Amino acid sequence: MRKRKLGNNNLEVSAIGFGCMGLNFGYASSLTREEGINLIRAAVERGITFFDTAEVYGPFTNEEMVGEALRPVREQVVIATKFGFAIDPKTRENRSLDSRPEHIREVCDASLKRLGVDSIDLFYQHRVDPNVPIEDVAD
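Here the residue numbers are simple positions, counted from 1 along each chain's written sequence. Per-residue local features are limited, in this predicted model, to residues with pLDDT of at least 70; the limit for side-chain atom pairs, both in listing and counting, is 80 or more; totals at the level of whole chains, interfaces and linings are taken over all residues. Think of the side-chain values as coming from all heavy atoms in the structure, minus any hydrogens and water.

What am I meant to see in the pattern of salt bridges here?
It is possible for side chains of opposite charge to pair when their charged atoms get near one another. For this analysis, a salt bridge means a side-chain nitrogen from Lys or Arg found within 4 Å of a carboxyl oxygen belonging to Asp or Glu. Applying the stated rule across the entire model yields eight salt bridges. Between Glu63 and Arg114 there is a salt bridge, with the nearest N and O atoms lying 2.6 Å from each other. With a gap of 51 residues between them, Glu63 in helix α2 (residues 61–70) and Arg114 in helix α3 (residues 101–115) connect regions that are remote in the sequence. Considered together, Glu63 and Arg114 belong to a single accessibility category, that of buried residues. Numbering of helices and strands runs from the N terminus, with a helix taken as a DSSP run of H or I at least four residues long and a strand as a DSSP run of E at least two residues long. Only protein chains enter the area calculation, which uses a 1.4 Å probe; residues under 20% of their type maximum are buried, those over 50% are exposed, and those in between are partly exposed.

Mind showing me how you'd approach the packing of helix α1 (residues 33–45) against α2 here?
Packed helix pairs are characterised by how far apart their axes lie and by the angle those axes make with each other. All axes here are fitted lines through C-alpha atoms, helices being fitted over the stretch that makes contact, and every angle between N-to-C directions spans 0 to 180 degrees. Where α1 contacts α2, the axes come no closer than 9 Å and their chain directions differ by 50°. Here α1 lies oblique to α2, going by the angle between them. In this structure, α1 crosses over α2, and the sense of that crossing is right-handed. In this structure, α1 uses Arg33, Gly36, Ile37, Ile40, Arg41 and Val44 to contact α2, whose residues at the interface are Thr61, Glu64, Met65, Val66, Glu68, Ala69 and Leu70. All residues other than Ala, Val, Leu, Ile, Met, Phe, Trp, Tyr, Cys, Pro, Asp, Glu, Lys and Arg, Gly among them, are scored as polar; the first ten of these are nonpolar and the last four charged. Along the lines of polarity and charge, the residues of the contact of α1 with α2 split into seven nonpolar, two polar and four charged. Relative orientations are named as follows: roughly parallel for angles under 35 degrees, roughly antiparallel for angles over 145 degrees, roughly perpendicular for angles from 65 to 115 degrees, and oblique for any other angle. The sense of a crossing depends on the near helix, which, turned anticlockwise from the far helix by less than a right angle, makes the crossing left-handed and, turned clockwise, makes it right-handed. Whether two residues touch is decided by their heavy atoms; if any such pair falls within 4.5 Å, the residues are in contact.

Help me understand the environment of Ile48, please; the structure alone is not making it clear to me.
For Ile48, the position within the fold is in the loop between α1 and β4 (50–52). Taking C-alpha positions, Ile48 is 19 Å from Ser119, a pair spaced 71 residues apart along the chain.

What am I meant to see in the pairing of strand β1 (residues 3–6) here?
Along any regular strand the residues' side chains alternate between the sheet's two faces. Two strands qualify as a pair provided DSSP detects at least 2 bridges between them. Here four bridges tie β1 to strand β2 (residues 11–14), and the two strands are oriented antiparallel to one another. Of the residues in β2, the one forming a bridge with Arg4 is Val13. Linking β1 to β2, which pair antiparallel, is a turn of four residues; within it Gly7 sits at a positive phi near 65°.

Where do I start with the sheet that holds strand β8 (residues 122–125) in this structure?
Strand pairing in a sheet relies on backbone hydrogen bonds, with the paired strands running either antiparallel or parallel. Reading across the sheet, the four strands line up as β3-β4-β5-β8 and stay open at both edges, with parallel pairing between neighbours. Each end of this open sheet is capped by a strand with a single partner; those strands are β3 (18–19) and β8. In terms of strand pairing, β4 meets strand β5 (residues 78–83) through three bridges, oriented parallel. Paired with Asp52 across the bridge in β5 is Ala80. Those strands touched by α3 are β5 and β8, and its axis lies near 140° from that of β5.

Structure representation (structure tokens):
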């Protein structure tokens, strides 16, 4: 598998990445948790090292699935996840956009727990929140 460098920090990923959204969110049908985990692990066996998920996929359940699948190979893969929505943690209803810095920190902590990892390799804004200056988001 060919590799690519992202940015200036030598983050190296497979040329082909794995977008995890469709495993259990966004399409008419979903894989079971076991099927999703098996598919992700099969992708790793074939040389895929870049996996993209988000809190809004599920919501929350996609990160849990991705984390469980990749935990045994964590040192070999790059995990990307995203923030930017106001999702009610109880109802899981996506209420609106929210990229306030304090909310970004909350989402990061929750994503770390759901993924079961100590760090997120690439954490980025899913949708631009027109109510928060981009400089505040970047800070």
